[in-house]
Amino acid sequence: MKALTSEAQFNTAINSPETIIVKFETTWCPDCKRLNMYVDELVQAFDFNWYSADRDQLPQLGEKYDVLGIPSLLAFKNGEKIGHLRADNKTQDEIKSYLAELEH
């Protein structure tokens, strides 16, 4: 998973013709640490391009894309947001279901 550290990097990534997933997180978030325990399994199971973005470092993007809770998994394709899951209270199975829907 590649870290996006600037708005320019973010914009380049989301303009992909393929579906990409951006995991918005922060360093202090306990739910982010819980998700990180199994996120590698998700990356391997779902054939998306995966990125991470620190909401505290890129607050303007969090605001623009309505990231009100962290972690959040946002899906983009051709520059448009096509999915948004606030994952702070979701189980691993619920996250898998969200990602499976994006594959179709």
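Reading the values: the criteria
- Residues numbered from 1 in each chain as written.
- Predicted model: local features only at pLDDT ≥ 70, side-chain atom pairs only at ≥ 80, totals over all residues.
- Heavy atoms only, no water.
- Buried < 20%, exposed > 50% of the residue type's maximum accessible area, 1.4 Å probe, protein only.
- Helix = DSSP H or I, 4+ residues; strand = E, 2+ residues; numbered from the N terminus.
- Pairing = 2+ DSSP bridges.
- Axes fitted to C-alpha atoms, helices over the stretch in contact; angles between N-to-C directions.
- Contact = heavy atoms within 4.5 Å.

- The protein chain carries the name Thiol-disulfide isomerase/thioredoxin in an unreviewed UniProt entry, which gives Sporolactobacillus spathodeae as its organism.

**Here's the deal with the pairing of strand β4 (residues 72-77)**
Part 1 of the reasoning: Among the six residues that make up β4, five are buried, leaving the element largely enclosed by the rest of the structure.
Part 2 of the reasoning: Here β4 pairs with strand β5 (residues 80-86) via six bridges, running antiparallel. Considered in β5, the bridge of Leu74 is made with His84.
Part 3 of the reasoning: Taking the residues between adjacent antiparallel strands as the criterion, β4 and β5 are bridged by two residues, where Asn78 takes a positive phi near 50°.

**Topic: the environment of Met37**
Part 1 of the reasoning: With respect to the helices and strands, the residue Met37 is situated in the loop between α2 (30-36) and α3 (39-45).
Part 2 of the reasoning: Residue Met37 is classed as exposed on the basis of its relative accessible area, which comes to 70%.
Part 3 of the reasoning: Considered as a pair, Met37 and Tyr98 are 61 residues apart in the sequence and their alpha carbons are 18 Å apart.

**Some remarks on the sheet that holds strand β1 (residues 2-4)**
Part 1 of the reasoning: Spatially, β1-β3-β2-β4-β5 is the arrangement adopted by the five strands of the open sheet, whose pairing is mixed. Of all the strands in the sheet, the pair left with one neighbour each is β1 and β5. With direction set aside, neighbouring strand axes in the sheet form an average angle of 30°.
Part 2 of the reasoning: As judged from the six bridges shared by strand β2 (residues 20-25) and strand β3 (residues 49-54), these two strands associate in the parallel manner. By the bridge assignment for β3, Ile20 is matched with Asn49.
Part 3 of the reasoning: Helix-sheet contacts for helix α5 (residues 92-102) involve β2, β3, β4 and β5, and the interaxial angle to β5 is about 165°.

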